[in-house]
Amino acid sequence: MDRKLLDILVCPATRQPLSLLDGAGLDALNRAIAAGQVLRNDGTPQPEPLREALVTRARRAVYRVDDGIPVLLAEEGIATSQVPDFP
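So, how was this worked out
By convention here, each chain's residues receive numbers from 1 onward along its written sequence. It should be noted that, the model being predicted, local features are given only for residues of pLDDT at least 70 and side-chain atom pairs only at 80 or more, the latter also being counted only at that level, while totals for whole chains, interfaces and linings use all residues. Only hydrogens and water are set aside; all other atoms, that is, all heavy atoms of the structure, feed into the side-chain values. A carboxyl oxygen of Asp or Glu within 4 Å of a side-chain nitrogen of Lys or Arg is what we treat as a salt bridge. Comment: elements are numbered from the N terminus, with helices defined as DSSP H or I runs of at least four residues and strands as E runs of at least two. Residue exposure (1.4 Å probe, protein chains only): buried if accessible area is under 20% of the type maximum, exposed if over 50%, otherwise partly exposed.

Participant: Could you give an account of the pattern of salt bridges, naming the residues involved and the relevant values?
Facilitator: Within this structure, the stated rule accounts for 5 salt bridges. Arg 64 is paired through a salt bridge with Glu 76; the nearest N and O atoms lie 2.5 Å apart. Of the two residues, Arg 64 sits in strand β3 (residues 61-66) while Glu 76 sits in the loop between β4 (69-70) and β5 (78-79), which places them 12 residues apart along the sequence. The exposure class assigned to Glu 76 is buried, which follows from its relative accessible area of 17%. Taken together, the salt bridges that share partners define one network made up of Arg 40, Arg 64, Asp 66 and Glu 76.

Structure (structure tokens):
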């Protein structure tokens, strides 16, 4: 992801800065998705694992990145509280 773009992106709900989710966080999230435990903020299940994601500074919300394009819709965010072993 372009560094200049990443520097200006913020969470649509909390306005916190976003950063790329690290490998450990992505692995934990994808394990929970595979187990069917992850819902988006709008209540729909996250159907497929994530290849790349952005996380808020407080690490409470994650937004997926589809083909290099951040999906920054509050209703499509994922609360990390759903993932028991989220680092």
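Participant: Account for unusual backbone geometry, naming residues and giving values.
Facilitator: Of note, Arg 15 is a non-glycine position whose phi angle comes to about 65°, a positive value. According to the relative accessible area criterion, Arg 15 is exposed, its value standing at 57%. A positive phi angle is found at Arg 59, which is not glycine, with a value near 60°. Relative to the helices and strands, Arg 59 is located in the loop between β2 (53-56) and β3.

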